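What follows is each chain in one-letter form.
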Amino acid sequence: MKINLNPETDPQSKIIVAMDVPSATEAINLCDRLPQVGFWKVGLELFIADGSTILRELKARDKKIFLDLKLHDIPNTVGSACRVATKYGADFLTIHASGGSAMMRAAQAEVQGSSTQLLAVSLLTSISATELATDLKVSLEVSEYVSKLVLLAQESGLTGAVCSPHEVKNLRSQLGDDFCFVTPGVRPAGAAVGDQSRVMTPKEAIAAGANYLVIGRPIVAAPDPVAAWEKICQEL
Ligand SMILES: O=c1ccn([C@@H]2O[C@H](COP(=O)(O)O)[C@@H](O)[C@H]2O)c(=O)[nH]1
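Residues numbered from 1 in each chain as written. Predicted model: local features only at pLDDT ≥ 70, side-chain atom pairs only at ≥ 80, totals over all residues. Heavy atoms only, no water.

1. As for the nonpolar core
One broad rule of soluble globular proteins: the nonpolar side chains tend to lie buried together.
Here's step 1: If you look at the biggest cluster of nonpolar residues, it comprises 63 residues, and the most contacted ones within it are M19, W40, V42, I54, C82 and I95.
Here's step 2: Considering each element in turn, this core owes the most residues, six residues, to helix α7 (residues 142-155).
Here's step 3: Sequence-distant contacts of C82, defined by excluding residues within four places in its chain, comprise L71, L93, I95, A107, E110, V111 and L118. (Core = buried A, V, L, I, M, F, W, Y, C linked by side-chain atoms within 4.5 Å. Buried < 20%, exposed > 50% of the residue type's maximum accessible area, 1.4 Å probe, protein only. Helix = DSSP H or I, 4+ residues; strand = E, 2+ residues; numbered from the N terminus. Contact = heavy atoms within 4.5 Å.)

2. With respect to the UniProt feature "active site" (unreviewed entry) in the protein
Here's step 1: On the UniProt side, "active site" (unreviewed entry) is annotated at positions that read K70 here.
Here's step 2: Within polar-contact distance, the side chain of K70 engages the side chain of D68 at 2.7 Å. (UniProt positions renumbered as here; feature names shortened; annotations may be inferred. Polar contact = N/O pair within 3.5 Å; in protein donor to acceptor, adjacent residues only side chain to side chain.)

3. Some details on the sheet that holds strand β3 (residues 64-71)
Here's step 1: Reading around the circumference, β1-β2-β3-β4-β5-β6-β7-β8 is the order of the eight strands in this closed barrel, with parallel pairing throughout. Direction aside, neighbouring strands of the sheet carry axes that sit 25° apart on average. (Pairing = 2+ DSSP bridges. Axes fitted to C-alpha atoms, helices over the stretch in contact; angles between N-to-C directions.)

4. Looking at the UniProt feature "domain: Orotidine 5'-phosphate decarboxylase" (unreviewed entry) in the protein
Here's step 1: The UniProt feature table records "domain: Orotidine 5'-phosphate decarboxylase" (unreviewed entry) at residues 14-232.
Here's step 2: For residues 14-232, the end-to-end C-alpha separation is 11 Å, with 44% helix and 17% strand making up the annotated structure.

5. Observations concerning the side chain of S23
Here's step 1: Here S23 is to be found in the loop between β1 (15-18) and α1 (24-33).
Here's step 2: Sequence-distant contacts of S23, that is, excluding residues within four places in its chain, are made with L46 and D50.

In structure tokens:
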């Protein structure tokens, strides 16, 4: 069954918590400590450490899964990897939009008909305007660059995109309600920004039009993750 892109009812269902921990054991502990969380993101560290163990555990607990592998390779390789990944039954899977439309179309063709929906990572939320210009030598503004990648993803048939909340507002009005925006780079007021560059608070991100927010360290690395989660939910 495809995921509801507009979970209107309660704002906490819009929060995806990033399980950025080094082992399945720690991930399972976290999941059991936070039974209120219905949607978890499994990223590179955890997947490289323990493979699909955590995915099976999350499924057994009836949780939604965002498998954030950020695939980026030639179309044949990414398409094949996506085909294999559908067996995990994740709700979302990421590929990089900068892999180009042929890569995205190949990936989309392989997940078609499965319960896994593809999101295109546009410009990582850790990249600032200065880095885009000086390191990546991209002469476009961040908003323009993200917009181009997101439109390419939509034209390639993907369900949605990952970008910062800053870019969502404009894109939402261009792309309408059927396209899914998932935004990391979310920081409750006063939380450490860390390596993120383009950030907004949870409330601002939802007001900007994000369907789902990804929040990791402000919850997972908090001294009391349960209290941190509850505080964010109250703010929403
Ligand atoms: O552009 C992107 C794409 C993915 N992420 C991932 O989201 C979380 C954010 O974690 P925080 O601790 O809340 O910063 C992390 O797993 C990233 O891999 C992203 O931040 N930006």
